[in-house]
Each structure stands twice: as structure tokens, then as C-alpha cells.
Amino acid sequence: MLEPARHNFLEARLAPVLCQFSFESFGQLIKSLEGEGNGPLKNIFIDAITTHETYFFRDFPVFALLKSQLIPDFVNSDRSSVLRICSAACSTGQEPYSICMVVDELAPLLEGHRVQVDGYDISRASIETARSADYSNYEVNRGLSPAYIKRYFDKVDQRYRVIDRLRSMVNFKELNLLDDLGVMPTYDIVFCRNIANYFKVSDRVRLFKQLATVIAKGGTLITGGSEIVPQDVNEFKPIHGDGCVYYEKL
Ligand SMILES: C[S@@+](CC[C@H](N)C(=O)[O-])C[C@H]1O[C@@H](n2cnc3c(N)ncnc32)[C@H](O)[C@@H]1O
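Residues numbered from 1 in each chain as written. Predicted model: local features only at pLDDT ≥ 70, side-chain atom pairs only at ≥ 80, totals over all residues.

Trainee: Break down the overall build of the protein chain for me, citing the residues and quoting the values.
Mentor: Across its full length, the protein chain holds ten helices and ten strands. Its C-alpha atoms give the protein chain a radius of gyration of 19 Å, within 12% of the compact-globule value 18 Å for 250 residues. Its C-alpha atoms put the protein chain at 60 × 50 × 30 Å along the principal axes. For the protein chain, buried positions account for 32% of its 250 residues. Sequence-distant contacts in the protein chain: of pairs separated by 6 or more residues, those separated by 24 or more amount to 74%. (Helix = DSSP H or I, 4+ residues; strand = E, 2+ residues; numbered from the N terminus. Rg over C-alpha atoms; globule rule 2.2 N^0.38 Å. Buried ≥ 20, exposed ≤ 12 C-beta atoms within 10 Å, placed from the backbone. Contact = placed C-beta atoms within 7 Å.)

This is how it looks when you write it as C-alpha cells:
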């Protein structure tokens, strides 16, 4: 049973889907979803009920931390010649491309290393936008200075396309983070921001317990500013950084 506030929220989000498919009730919509497996209705439903809000360099202190501490620490640790970074719940790609910009700026330090950035999201439409790397004037101006826009985008017909050098660093994949994450490789740094608070507590525990299995020992988990790893998950140690809290995998 949903709380009334959540019920109203879902009704408002799903009303256009009801219209689009001429369903007469929410019950009919749910029944169709149950019978349909992975068809187009499922994707439209997921997009209707999820929030995709994102922008470049969202919560800037996290990217400052990546640049001044996390990547230099990785390089100095001599752990591996491949640095693997994950953007879990990457939405339309602004988070992984911001990571790539930081990586690009640290190119001299990262010489001799290969960097792989993977973006995952449950929403097919978001993953398609992320792969296209094609943004509006409004989107690039949310979080990026003119110098960054000039350096990292090609302007094509009033739109902005991330340059190939950055695009070639990232792979995107459609994935439900509550499914088995055994398909993921081991990561040194995982961004999983602004998603856990949308989950019920048992799903948050599942999410972070699963992420613990794909982060290397000594690796880093970065959550959203108001997202706390639940107490039941004891695989992480919180660390207070400059303007942000992040977690070390034990
Ligand atoms: C608010 S956006 C956050 C984007 C980005 N991480 C940021 O902080 O700017 C949340 C994203 O989580 C995705 N999402 C929601 N539930 C998910 C799930 N179970 N598995 C994977 N992605 C999910 C949504 O599709 C949406 O794109």
C-alpha cells in the first residue's frame, strides 16, 4: 500500500501513459505490464516514474575531490594500469562526461594508464541520449563554463556534441541496479548519486551491498549529498572530505 503522497505522485506521472495507451484504469496498465515482459510499455512506464534530473559537474566538490585526491591517490598506489570508474544511474550522461573532463585534464598524471568509464541506467531513453552525447544550449550551460564548452564540445546546428576523445572513454549500458550486478567488472571509483533516496530502505541496503561486491578493496563510493549508506551495510567507511562525504570500501 502506497502512502497518499506517493500515490498522488505516481498518478500524476502515469496519467499521460494511461492516455497514450487508452487504458481505462491504473489496474489495466499494471496488468498489461505484467503480461508484456520487456516491451515498449515497460520502458515508457519506467521513464514516467523515474526522475532524470542531472547536470554537468553536479555537486562540484565531488569532482574537485576526484581531481585533487582520488585519481592522484590511485596513480600513486600503483594498483593497476587501468583505472575503472562507474557512473551508476548516469541518467542522460552529464555525470560520466564530467568525470571524463576531469580525466582529460589529468592526462599528464595519467600517462601510462588507461581509463575506462562506464555509465549504467535503467532508462533506455536516458542511455540513448547519453550515447548520442548531444546536448542543448540550456543543458551545456548548466554546470559548464564557456571555456569547457569550447574545449569539450563540437557545435553542430545549435546543438553541442561531446568531442570524440571523451566519448571514446565511456561505455553505456541499460541496467537495473537492483538486479544482480555480477555483470559489472570491478571498479576503483563508483559514483552512485541521487538515486538511493528514491528506494525503500530494503532496496537501499541491497543496492549498497551489491555495489560493495564490485568496488575494489580501498576503492571509493560516492553517494549524493543527502544519501547515507544504511547502517546494515558495513562494507564501507565514511570519510569527510572537503565539502562532501564519501566512502572507502573496506
Ligand atoms: C536523479 S537521476 C541522477 C543522475 C546522476 N547520477 C546525477 O546525480 O546527476 C536518477 C537516475 O536513476 C535512474 N534509476 C532509477 N532507478 C534505477 C534502477 N533501479 N537502476 C538503474 N537506474 C535507475 C533513473 O532512470 C535516473 O536516470
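Trainee: Summarise helix H4 (residues 60-77); cite the residues concerned and give the values.
Mentor: For H4, with 18 residues, the first-to-last C-alpha span of 25 Å sits near the 26 Å given by 1.5 Å per residue. A maximum bend of about 45 degrees is found in H4 at leucine 66. Against strand S1 (82-88), helix H5 (94-105), strand S7 (187-192), strand S8 (215-223) and strand S10 (245-249) lie the buried residues of H4. Immediately downstream of H4, the backbone of aspartate 78 shows phi near 60 degrees, a positive value. (Expected span 1.5 Å × (residues − 1). Bend = angle between axes of the 7 residues up to and from the residue.)

Trainee: Could you give an account of the site of the ligand, with specific residues and numbers?
Mentor: By nearness alone, 20 residues border the ligand, and Thr54, Ala89, Ser91, Ile122 and Asn194 come closest of all. Of the residues in the shell around the ligand, the class split is six nonpolar, nine polar and five charged. (Near = placed C-beta within 6 Å. Nonpolar A, V, L, I, M, F, W, Y, C, P; charged D, E, K, R; others polar.)

Trainee: Explain the domain arrangement of the protein chain to me, using residue names and the numbers behind them.
Mentor: What the domain assignment reports for the protein chain is domain 1 (4-49) and domain 2 (60-249). A straight line from the C-alpha centre of domain 1 to that of domain 2 covers 30 Å. (Domains from an automatic or database assignment.)

Trainee: Which residues make up unusual backbone geometry, and what values go with them?
Mentor: Positive phi values are uncommon outside glycine, yet serine 22 reaches one of about 55 degrees. For asparagine 194, which is not glycine, the phi torsion reads 60 degrees and is therefore positive.

Trainee: Summarise the sheet that holds strand S3 (residues 134-135); cite the residues concerned and give the values.
Mentor: Whether parallel or antiparallel, the strands of a sheet pair through hydrogen bonds between backbone atoms. Strands sit in the order S3-S5-S4 across an open sheet of three strands; the sheet is antiparallel. A single partner strand is all that each edge strand has here, and the edge strands are S3 and strand S4 (153-156). Pairing between S4 and strand S5 (residues 159-162): four bridges, direction antiparallel. Considered in S5, the bridge of valine 156 is made with arginine 159. (Pairing = 2+ DSSP bridges.)

Trainee: How would you summarise the nonpolar core if you had to cite specific residues and measurements?
Mentor: Considering soluble globular proteins, one finds that nonpolar side chains tend to be buried as a cluster. The biggest cluster of nonpolar side chains holds 58 residues, and the ones touching the most others in it are Ala88, Cys100, Val190, Cys192, Leu211 and Leu221. Ranked by residues supplied to this core, first place goes to H4 with seven residues. Ignoring any residue separated from it by four or fewer positions in sequence, one finds leucine 211 in contact with Val190, Cys192 and Leu221. (Core = buried A, V, L, I, M, F, W, Y, C linked by C-beta atoms within 7 Å.)

Trainee: Pulling in residues and values, what's your account of the sheet that holds strand S9 (residues 236-240)?
Mentor: On the basis of which strands lie adjacent, the open sheet formed by seven strands has the order S6-S2-S1-S7-S8-S10-S9 and mixed pairing. The strands lining the two open edges of the sheet, one partner per strand, are strand S6 (170-174) and S9. Mean inter-strand twist for the sheet, computed between neighbouring axes without regard to direction, equals 20 degrees. When S1 meets S7, the two strands line up parallel, connected through four bridges. Bridge pairing in S7 links alanine 88 to cysteine 192. With respect to the sheet, H5 is in contact with S1, strand S2 (114-121), S6 and S7, its orientation differing from that of S2 by roughly 170 degrees. Against the sheet, helix H10 (residues 201-214) contacts S7, S8, S9 and S10, and its axis sits at roughly 140 degrees relative to S8. (Axes fitted to C-alpha atoms, helices over the stretch in contact; angles between N-to-C directions.)

Trainee: Provide a residue-level description of the packing of helix H2 (residues 26-36) against helix H3 (residues 40-49), including the pertinent values.
Mentor: The interhelical angle for the contact between H2 and H3, taken along N-to-C directions, is 125 degrees, at an axis separation of 9 Å. On the basis of their axis angle, the class for H2 and H3 is oblique. By crossing handedness, the relation of H2 to H3 is classed as left-handed. On the side of H2, the interface is formed by Ser32, Leu33 and Glu36, while H3 contributes Leu41, Lys42 and Phe45. Looking at the contact of H2 with H3, its residues break down into three nonpolar, one polar and two charged. (Parallel < 35°, antiparallel > 145°, perpendicular 65-115°, else oblique. Left-handed = near helix turned anticlockwise from the far one by under 90°.)

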